[in-house]
Amino acid sequence: MGLLSRLVAALRISPEERQAECAERCLEVLCDPERAPAARLGEHEEAAIEATRRRWEHQPPVSPT
C-alpha cells in the first residue's frame, strides 16, 4: 500500500480507532524485547501488559467504515 493510500486511510478512521491502534502498537513494542530492550519492566507491569494483550486478542477487530 502506498504512502498516500495509508494517509487517506488514516484520515478516515475515528479518533477512538486511532487511539486503539496507537495503544496496540505501543504494547507490541513493550512486549518485544528486541524492539524495546531498555524497557525493563517489573513482574507486576509485565502481568498487566500481558492481561491487556489477552483482552485485546478476544475483542472483535475494529472494522473501518
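Residues numbered from 1 in each chain as written. Predicted model: local features only at pLDDT ≥ 70, side-chain atom pairs only at ≥ 80, totals over all residues. Heavy atoms only, no water.

Trainee: Which residues make up the packing of helix α2 (residues 15-31) against helix α3 (residues 43-57), and what are the values?
Mentor: Two elements in contact, α2 and α3, have axes separated by 11 Å at closest approach and are oriented at 130°. Between α2 and α3, the interaxial angle falls into the category oblique. Like other packed secondary-structure pairs, α2 and α3 cross with a definite hand, here left-handed. In this structure, α2 uses Ala20, Ala23, Glu24, Leu27, Leu30 and Cys31 to contact α3, whose residues at the interface are Ile49, Thr52 and Trp56. Residue composition of the contact of α2 with α3, grouped by class: 7 nonpolar, 1 polar and 1 charged. (Axes fitted to C-alpha atoms, helices over the stretch in contact; angles between N-to-C directions. Helix = DSSP H or I, 4+ residues; strand = E, 2+ residues; numbered from the N terminus. Parallel < 35°, antiparallel > 145°, perpendicular 65-115°, else oblique. Left-handed = near helix turned anticlockwise from the far one by under 90°. Contact = heavy atoms within 4.5 Å. Nonpolar A, V, L, I, M, F, W, Y, C, P; charged D, E, K, R; others polar.)

Trainee: Summarise the pattern of salt bridges; cite the residues concerned and give the values.
Mentor: Across all of its chains, the model carries 2 salt bridges by this definition. Close ionic contact of arginine 53 with glutamate 50 constitutes a salt bridge, the shortest N to O distance being 2.3 Å. Residue arginine 53 and its partner glutamate 50 are located together in helix α3, separated by 3 residues, close to a single helical turn. The exposure class of arginine 53 is partly exposed, given its relative accessible area of 31%. Residue glutamate 50 is joined to arginine 54 by a salt bridge in which the shortest nitrogen-to-oxygen separation is 3.1 Å. Linking glutamate 50 with arginine 54, this pair stays in helix α3, spanning 4 residues, or about one helical turn. One salt-bridge network, held together by shared partners, links Glu50, Arg53 and Arg54. (Salt bridge = Lys/Arg side-chain N within 4 Å of Asp/Glu carboxyl O. Buried < 20%, exposed > 50% of the residue type's maximum accessible area, 1.4 Å probe, protein only.)

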